[in-house]
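# Geometric and topological summary
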Amino acid sequence: MKNETQTDIWVYNMAKEAKIELFPQGSSIVQIDKSLTKASKSGSGNVGRPDFTSLIETGNDEFLILIENKKDTSRHVKYNSDGVIDLDSKSVQEFAVNGALYYALHLLKDEKVPFKKIFAVGISGGEKRHRITPIFIDDSLQYKELEEVETLVNFSSKNIHTYYMNNVLDEETNVQKESTQILQLARELHEALRTYGNLQERDKPLIVSGILLALREGEYGGFSVSQLTGDKNNPDGYKIYQAIESNLRRSNISPEAKRDKLMAQFSIFKTDAHINNKNDELGMTSLRYFAEFLWENIYQDIRFTGSHHDYLGNFYSEFMSYSGGDGQGLGIVLTPAHITQLFCDLADLKVDDVVFDPCCGTGGFLIAAMHNLLSKTDEDDEVKKRQIRQRQLHGIELQDYMFTISTTNMILRGDGKSNLRNENFLIQNSAKIQSEIMPTIGMINPPYSMATRTKDKEQYEINFISRMLDSLVEGGQGIAIVPQSTVTGKTKIEKEIMRDILKKHTLKGVITLNKETFYGVGVNPCIVVFVAGIPHSKNFKSKFIDFSNDGYKVAKHIGLIETPEAKDRKNLLLNVWSGEIEAQNEFCVETIIEPEDELLHSFYYFNEEPPTSEEFEETLADYLSFQLDMVLHGRDYLFGGDDDDDDDK
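Notes on the structure in this doc start here. (Residues numbered from 1 in each chain as written. Predicted model: local features only at pLDDT ≥ 70, side-chain atom pairs only at ≥ 80, totals over all residues. Heavy atoms only, no water.)

## A closer look at the packing of aromatic side chains
Note the cut-off: Here a Phe, Tyr or Trp ring, Trp counted by its six-membered ring, pairs with any other such ring whose centre lies within 6.5 Å, and the pair is stacked when the planes are under 30 degrees apart, edge-to-face when over 60, and tilted otherwise. Secondary structure is summarised from DSSP: a helix means a run of H or I of at least four residues, a strand means a run of E of at least two, and numbering begins at the N terminus for each. Type-normalised accessible area, obtained with a 1.4 Å probe on protein chains alone, sets the label of each residue: buried when under 20%, exposed when over 50%, and partly exposed for intermediate values. Here, a charge over a ring means that NZ of Lys or CZ of Arg falls within 6 Å of the ring centre while also lying within 35 degrees of the ring normal.
For the coordinates displayed, the defined rule picks out 17 aromatic pairs. Each ring, one from F343 and one from F365, has its centre 4.5 Å from the other, and the planes form 25°; the classification is stacked. With a gap of 22 residues between them, F343 in helix α14 (residues 337-347) and F365 in helix α15 (residues 364-375) connect regions that are remote in the sequence. Overall, the relative accessible area of 0% leaves F343 in the buried class. Accessibility expressed as a relative area gives 3% for F365, which makes it buried. Both rings, one in F544 and one in Y604, keep their centres 4.4 Å apart while their planes meet at 35°; by these two values the pair is tilted. Taken together, the residues F544 in strand β16 (residues 542-547) and Y604 in helix α23 (residues 601-604) connect sequence positions 60 residues apart. Assigned by exposure class, F544 and Y604 land together as buried. Of note, R75 hangs over the ring of F95, and the distance from its end group to the ring centre comes to 5.5 Å. In this structure, R250 is placed above the aromatic ring of Y220, and the distance from its NZ or CZ to the ring centre is 4.1 Å.

Shown next, in the form of structure tokens:
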């Protein structure tokens with residue numbers, strides 16, 4: 001047997017990273033270890049042991065993991081002439097997948113082994129180049145070969161049940177079903193607002209925000225849907241408006257000028273006659289209809305009890321995506337939730353970090369950062385939790401109505417004290433922001449294509465990034481999601497700004513994203529990460545990653561959805577980003593840069609794989625055909641012939 005120690009170590013560490021405890025060369029479980037005394041792959045009846053085993057327990061379920069690994073990917077799997085995994089003696093000894101499946105079948109045939117759900121995992125290669133193929137098999141002895149994965153994160157106790165439901169049973173989990181229901185509710189409400197509200201796109205989120213705040217005030221006895229009677233002398237909109245004002249005071253929104261600005265946006269409840277008049281079809285005002293919808297489907301629905309704020313936030317986010325969330329209605333491109341969470345992971349937020357979003361929109365980055373920071377505090381440390389909410393989250397938003405939505409959104413997520421300001425970031429003094437707030441993390445999704453529309457060079461996305469970086473403390477991290485054209489230097493001005501940025505800040509890396517990330521908008525985005533206040537050294541190697549295959553896909557009539565592969569792909573990205581593992585060039589290129597470069601993976605990528613003989617022969621044949629065609633058309637000079645043009649010089 002060839003020495004596979006290095007492969008064993010790599011597999012063990014990969015499992016440890018996924019919080020999976022592996023038992024090498026056998027099992028700590030008596031029934032399994034005893035069964036393996038007769039599991040020789042040669043069929044001799046002697047001892048045979050898989051490279052690793054692990055028992056994963058989740059609530060009422062148990063999954064046995066069996067791993068066989070080989071150091072060479074050429075020894076990954078062998079199929080017979082019928083396309084079935086070959087289980088003859090030689091194949092199970094020489095190939096990883098075949099060996100893993102063999103051991104799984106052996107254990108399932110042993111009635112004394114109590115575990116009937118097994119993932120047999122064949123792994124070949126090493127950290128940089130590898131293959132991982134899971135196979136599920138149960139006591140029916142029928143197996144299902146699953147899609148290859150990049151890491152073992154799907155088999156952790158946290159993820160394995162979802163992985164089993166999605167990939168083995170082809171079913172949604174309860175959480176996924178509830179998410180689908182939330183999506184449907186959001187769609188229904190958006191349609192109702194259009195049909196019965198006769199509202200502009202930008203006003204729809206304001207109506208929902210205001211009603212949700214009024215319902216929140218109802219928890220303190222200050223509001224009830226039953227009060228909305230359609231009284232012309234005391235309109236429903238006035239009652240909701242008063243409940244909103246009371247709730248903002250209860251949330252300690254200050255200073256008073258800030259509260260006044262918010263209430264000015266909510267004045268639509270008092271001024272819009274259409275939503276205050278009774279609708280003949282509904283038999284009530286449209287405001288009452290909207291309030292009843294939210295009350296019954298969010299506050300009172302049993303599906304959401306126990307996770308009130310989380311589901312309320314999810315519903316609100318989904319509704320926002322229907323109400324102009326594609327950027328056409330609200331004039332912005334809202335950042336998907338999985339991207340705001342990814343920002344937090346890329347920044348590796350620490351509990352004392354101060355997060356700053358200078359173009360905060362609906363507050364997506366700040367909400368994600370708040371939840372991330374709170375999850376890292378001790379459960380009973382209320383002082384630290386209050387400090388996070390009151391002092392460590394800062395945002396600026398230019399547009400009045402978006403400022404109102406972001407503030408409301410933060411309140412609905414359990415935070416009414418965030419430092420949000422309704423100002424123009426580009427005219428702020430960066431040094432003043434730095435000294436007053438001392439932000440350690442900057443997150444931004446700047447307005448797109450504004451420079452082209454306004455002919456104002458200050459509006460380039462790269463300029464927003466530059467100003468944000470100047471606002472961070474030295475050593476802080478600035479993360480932005482922008483169109484890929486931002487880092488390719490499509491104009492002279494943008495190239496100059498990038499050159500200036502690199503004189504003061506270090507480009508840590510650029511991550512090319514799924515082209516459907518902003519589904520329906522037509523933007524090919526990327527994430528750019530800088531270290532603030534430290535000039536980019538000419539010898540520093542930045543990382544350029546192709547994360548276009550992120551495990552998200554577009555579903556008909558729904559939009560961008562997460563597939564079972566998403567967790568695995570994200571885990572790979574974060575491991576490569578943090579330097580935990582090394583990846584192939586097709587995923588990550590680490591290199592020095594020049595300011596004039598197109599700062600994308602596609603610019604630096606080269607295929608490190610030597611061509612196969614078949615690929616070489618095909619390329620050579622294509623070239624010879626091209627050469628013959630050119631010669632027949634009198635263009636043989638293209639191939640190094642005599643240059644007669646010299647006579648004309």
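## Thoughts on the pattern of salt bridges
Side-chain pairing between opposite charges can occur once the charged atoms of the two side chains come close. Worth spelling out the cut-off: One side-chain nitrogen of Lys or Arg within 4 Å of one carboxyl oxygen of Asp or Glu is enough to make a salt bridge.
Tallying each qualifying case throughout the model produces 22 salt bridges. E150 is the salt-bridge partner of R569, the closest N and O atoms lying 3.5 Å from each other. Taken together, the positions of R569 in helix α22 (residues 566-578) and E150 in the loop between β6 (143-145) and α5 (160-168) put the pair 419 residues apart, joining distant regions of the chain. Look at E150 and you get partly exposed, because its relative accessible area is 26%. Notably, a salt bridge pairs D500 with K503, separated by 3.8 Å at the nearest N-O pair.

## Description of the side chain of N98
Selection criterion: What qualifies as a polar contact is a pair of N or O atoms within 3.5 Å, subject to a donor-acceptor requirement within protein and to the restriction that residues adjacent in sequence count only when both atoms come from side chains. Whether two residues are in contact is decided by their heavy atoms: any pair within 4.5 Å suffices.
Here N98 is to be found in helix α4 (residues 96-109). Within the structure, the side chain of N98 is placed 2.9 Å from the backbone oxygen of K78, a separation counted as a polar contact. Within the structure, N98 has its side chain in polar contact with the backbone oxygen of D86 (distance 2.6 Å). For N98, the residues in contact, after removing those within four places along its chain, are H76, V77, K78, I85, D86, L87, S91 and V92.

## Focus on the sheet that holds β16
This is how it is decided: At least two bridges found by DSSP between two strands is the condition for calling them paired. Only the stretch in contact is used when fitting a helix axis, every axis being a line fitted to C-alpha atoms; angles between N-to-C directions are given from 0 to 180 degrees.
Spatial ordering of the open sheet is given by β11-β10-β9-β12-β13-β15-β14-β16-β19, a layout of 9 strands whose pairing is mixed. Each end of this open sheet is capped by a strand with a single partner; those strands are β11 (419-421) and β19 (588-591). The average undirected angle you get between the axes of adjacent strands in this sheet is 15°. Of the pairings in the sheet, the one linking strand β12 (residues 441-444) to strand β13 (residues 477-483) comprises 4 bridges and is parallel in character. Across the sheet, the residue bridging to G442 is G478, located in β13. On the sheet, helix α17 (residues 400-412) packs against β10 (393-396) and β11 and is oriented at approximately 165° with respect to β11.

## So, the pairing of strand β2 (residues 52-58)
Summarising burial for β2: 5 of the 7 residues are buried, a large majority. Bridging between strand β1 (residues 23-24) and β2 involves 2 bridges; their strand directions are antiparallel. The residue bridging P24 from the neighbouring strand is F52, located in β2. Pairing between β2 and strand β3 (residues 61-70): 7 bridges, direction antiparallel. Bridging across to β3, E57 finds its partner in E62. From the end of β2 to the start of β3, which pair antiparallel, there are 2 residues, and G59 there has a positive phi angle of about 60°.

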